[in-house]
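# Inside the fold
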Amino acid sequence: MRDEAEKDVLTRRGFLGVSSAALAAAGMRSVESIAGQEQSDYKPKSDRATSTPGPTNAALDAANPDSGNPPPTDAGGVQTFKYPFSFGHKRLHEGGWSREVTVRELAVSKTLAGVDMRLTAGGVRELHWHTAAEWAFMLYGTARITCIDGEGRSFVTDVKENDLWFFPPGIPHSIQGLAPDGCEFLLVFDDGNFSEYETVLLSDWMAHTPPEIVAKNFGVSQKALAKMPKKELFIFQAEVPGPLEEDRRIAGGALGPSPIDFAFRTMQMPPTKRNKSGEVRIIDASTFKVSTTAAAIVTLKPGGVRELHWHPNADEWQYFFAGKGRMTVFATGGRARTMDFETGDVGYVQKTLPHYVENTGTTDLKFLEMFKSSYYQDLALSEWLAHTPPELVAAHLHLDKATLDALPRGKTVLMPE
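Quantities reported herein were computed from a predicted structural model and do not represent experimental measurements.

Another aspect to go through is the overall build of the protein. In terms of regular secondary structure, the protein is built from ten helices and 25 strands. A buried classification covers 45% of the 417 residues belonging to the protein. Considering only contacts in the protein between residues 6 or more positions apart, those separated by 24 or more positions represent 77%. As displayed, the protein has an accessible area near 22100 Å², and 58% of this comes from carbon and sulfur atoms.

What follows is the structure in structure tokens.
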């Protein structure tokens with residue numbers, strides 16, 4: 001018994017000594033860093049090793065080939081950075097519908113959230129405002145937007161496919177679909193926790209204010225307010241509005257129109273970059289003065305690549321609205337993950353993480369890059385290497401002079417040029 005007791009003491013002492021050193025070392029490595037080492041050098045020699053003979057969702061597997069059979073360069077655990085709008089709950093109303101992707105649907109998306117909305121001809125997104133800024137991109141059809149600026153002056157205009165608008169927090173506004181078939185548009189809010197259920201709505205405000213106060217405020221009798229809605233409208237059907245100029249004239253009143261242009265005609269702006277692989281239009285406060293959300297509208301030709309790059313100043317929220325592509329995000333700790341994207345998908349890349357987007361389809365790939373920043377900024381691998389002493393680059397990548405000389409000399413954005 002004495003020998004066993006001494007052995008137990010020695011064992012515990014040894015464990016404590018070893019475990020203290022191990023815990024100290026482990027404390028210097030995050031769980032994510034450890035996950036980065038969990039990769040296999042195995043290269044399948046046949047389809048059998050990668051097959052899924054058990055129950056599976058064939059349609060989802062086909063749409064996500066780089067998840068089912070990832071490239072050998074993927075490594076470790078990288079947080080999911082894709083969520084399809086098709087998975088979102090759709091709020092249906094007589095005048096249209098809406099669905100959202102927020103941090104609740106896509107956990108990594110902490111700085112920005114998106115809403116996809118459809119309005120019929122005459123359908124109205126009722127008068128309202130948000131605590132977050134609203135950046136919008138017209139996907140289809142035409143709409144009439146209205147607001148007042150901080151001085152109470154009106155802004156009324158019509159927008160069409162590819163046009164933008166921006167409403168700062170607290171600026172009251174409305175959106176209405178026009179003939180012949182209304183519109184669909186994407187709304188991006190500078191708060192990942194945003195929800196379309198948490199909006200200051202005119203109808204909701206009035207329904208939750210004592211009727212005698214509303215009557216006093218408007219200078220009318222309570223009887224005159226008897227038909228006011230008892231709950232929010234959110235989206236509702238109305239008649240298609242009349243001529244734009246007439247609405248502008250009436251809304252302008254004694255103050256006249258706002259000098260601030262809350263809309264932006266994207267296609268009237270020349271591409272920021274264009275080559276045989278596609279084009280990019282960058283819109284931020286330098287071109288769209290009122291906006292505090294920066295954006296890039298990217299079109300990639302089949303086989304084209306949005307070059308290896310990263311964004312030092314903000315997370316990137318993406319919306320893919322045409323075509324098919326894939327993206328690899330490289331994270332700290334030697335981790336990397338590739339995911340596939342198609343029309344209607346939302347993507348997200350955290351600030352400073354390197355990535356690319358490749359067109360893997362047979363038609364143009366079109367997507368938005370969105371940033372919670374008043375200015376757009378990116379750094380490209382090619383410009384980093386071009387402005388680093390070549391001997392140092394060669395020493396890192398083991399490249400001969402001919403290969404080094406062939407590398408792009410600066411930021412190309414879209415490849416091949």
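Right, picking up where we left off after that structure.
Under the definition given, this model contains 17 aromatic pairs. A ring pair is formed by tyrosine 319 and phenylalanine 321, whose centres lie 6.4 Å apart and whose planes are at 10 degrees; its orientation type is stacked. One aromatic cluster is present, built from ring pairs that chain together Phe85, Trp135, Phe137, Tyr319 and Phe321. Between lysine 82 and the ring centre of phenylalanine 341, over which it is positioned, the NZ or CZ distance is 5.8 Å. Across the ring face of phenylalanine 234, the terminal group of arginine 91 is positioned such that the distance to the ring centre comes to 3.8 Å.

Right, let's get into unusual backbone geometry. A cis geometry characterises the amide bond from alanine 179 onward to proline 180, with omega recorded as 10 degrees. Relative to the helices and strands, proline 180 resides in the loop between β9 (173-177) and β10 (183-189). Cis rather than trans, the peptide bond between methionine 415 and proline 416 has omega equal to -5 degrees. Mapped onto the elements of the fold, proline 416 is located in the segment after β25 (414-415). The backbone of threonine 352 shows a phi angle near 80 degrees, a positive value even though the residue is not glycine. Tracing the backbone through its elements, the reader meets threonine 352 in the loop between β21 (345-349) and β22 (355-359). Notably, valine 413 is not glycine yet its phi reads approximately 70 degrees, a positive angle. Here valine 413 lies in the loop between α10 (401-406) and β25.

Before going further, it helps to spend a moment on the side chain of threonine 266. Relative to the helices and strands, threonine 266 resides in the loop between β13 (263-264) and β14 (273-275). Classification of threonine 266 by relative accessible area gives buried; the value is 1%. Here threonine 266 is in contact with Asn162, Asp163, Leu164, Arg281, Ile283 and Ile297, once residues within four sequence places are set aside.

Moving on to the nonpolar core. Ranked by internal contacts, the top residues of the largest apolar core, which has 54 residues, are Trp135, Trp165, Phe185, Trp317, Tyr319 and Leu368. Per element, the largest residue contribution to this core is eight residues, and it comes from strand β6 (residues 134-148). Of all hydrophobic cores here, the second largest spans 24 residues; its members include Ala296, Met327, Met339 and Leu414.

A word on the sheet that holds strand β15 (residues 278-283). Spatially, seven strands are ordered β1-β21-β18-β23-β16-β15-β14 in an open sheet, and the strand pairing comes out antiparallel. Two strands bound the open sheet, and with one partner strand each, they are β1 (82-84) and β14. Each strand axis lies, on average, 15 degrees off the axis of its neighbour in the sheet, ignoring direction. Where β15 lies against strand β16 (residues 294-300), six bridges are found, and the strand directions are antiparallel. Within β16, the residue paired with isoleucine 282 across the bridge is alanine 296.

A few words now on the pattern of salt bridges. Tallied over the full model, the rule gives 22 salt bridges. Of the charged contacts, one joins arginine 306 and aspartate 378 as a salt bridge, the two residues approaching to 2.8 Å between their closest N and O atoms. Placement of arginine 306 in strand β17 (residues 305-310) and of aspartate 378 in the loop between β23 (365-371) and β24 (379-380) is noted, with a sequence separation of 72 residues between them. The two residues arginine 306 and aspartate 378 agree in class, both being buried. Arginine 326 is the salt-bridge partner of glutamate 358, the closest N and O atoms lying 2.9 Å from each other. Of this pair, glutamate 358 sits in strand β22 while arginine 326 sits in strand β19 (residues 324-331), and the two are 32 residues apart along the sequence.

Before going further, it helps to spend a moment on the pairing of β16. Across the seven residues that make up β16, a large majority, seven, are buried. The alternating pattern of β16 places Ala294, Ala296, Val298 and Leu300 on one face and Ala295, Ile297 and Thr299 on the opposite face, and all of these are buried. Examined bridge by bridge, β16 and β23 share seven bridges and lie antiparallel to one another. Counted as the bridge partner of alanine 294 is phenylalanine 371 from β23.

Here we come to the environment of threonine 56. Mapped onto the elements of the fold, threonine 56 is located in the loop between α2 (31-35) and α3 (58-63). Here the side chain of threonine 56 touches aspartate 61 through a polar contact of 2.3 Å, side chain to side chain.

A large share of β10 lies buried, amounting to seven of its seven residues. The side-chain alternation of β10 yields two buried faces, one formed by Cys183, Phe185, Leu187 and Phe189 and the other by Glu184, Leu186 and Val188. In the sheet, strand β4 (residues 113-119) pairs with β10 via seven bridges, with the strands oriented antiparallel. Pairing of valine 115 across the sheet is with leucine 187, part of β10. Bridge count for β6 against β10 is seven bridges, and the pairing is antiparallel. Considered in β10, the bridge of tryptophan 135 is made with valine 188.

On the surface, a nonpolar cluster with roughly 300 Å² of combined accessible area is contributed by Leu127, Leu202 and Trp205. Residue placement: leucine 127 occurs in strand β5 (residues 123-129).

With that settled, consider the confidence of the model for the protein. Predicted coordinates in regions of low pLDDT should not be interpreted in detail. The share of residues in the protein with pLDDT of 70 or more is 89%, and the mean pLDDT across the chain is 91. Segment residues 1-37 is flagged for pLDDT under 50; beyond a separation of four residues in sequence, or across chains, it makes 14 contacts in the model.

Conventions and cut-offs
- Residues numbered from 1 in each chain as written.
- Predicted model: local features only at pLDDT ≥ 70, side-chain atom pairs only at ≥ 80, totals over all residues.
- Heavy atoms only, no water.
- Helix = DSSP H or I, 4+ residues; strand = E, 2+ residues; numbered from the N terminus.
- Buried < 20%, exposed > 50% of the residue type's maximum accessible area, 1.4 Å probe, protein only.
- Contact = heavy atoms within 4.5 Å.
- Areas by Shrake-Rupley, 256 points an atom, 1.4 Å probe, with all protein chains shown as cover.
- Phe/Tyr/Trp six-rings, centres within 6.5 Å; stacked < 30°, edge-to-face > 60°.
- Lys NZ or Arg CZ within 6 Å of the ring centre and 35° of its normal.
- Core = buried A, V, L, I, M, F, W, Y, C linked by side-chain atoms within 4.5 Å.
- Pairing = 2+ DSSP bridges.
- Axes fitted to C-alpha atoms, helices over the stretch in contact; angles between N-to-C directions.
- Salt bridge = Lys/Arg side-chain N within 4 Å of Asp/Glu carboxyl O.
- Polar contact = N/O pair within 3.5 Å; in protein donor to acceptor, adjacent residues only side chain to side chain.
- Patch = residues over 30% accessible without salt bridge, like charges linked within 9 Å, V, L, I, M, F, W, Y side chains within 5 Å.
- pLDDT = per-residue confidence, 0-100.

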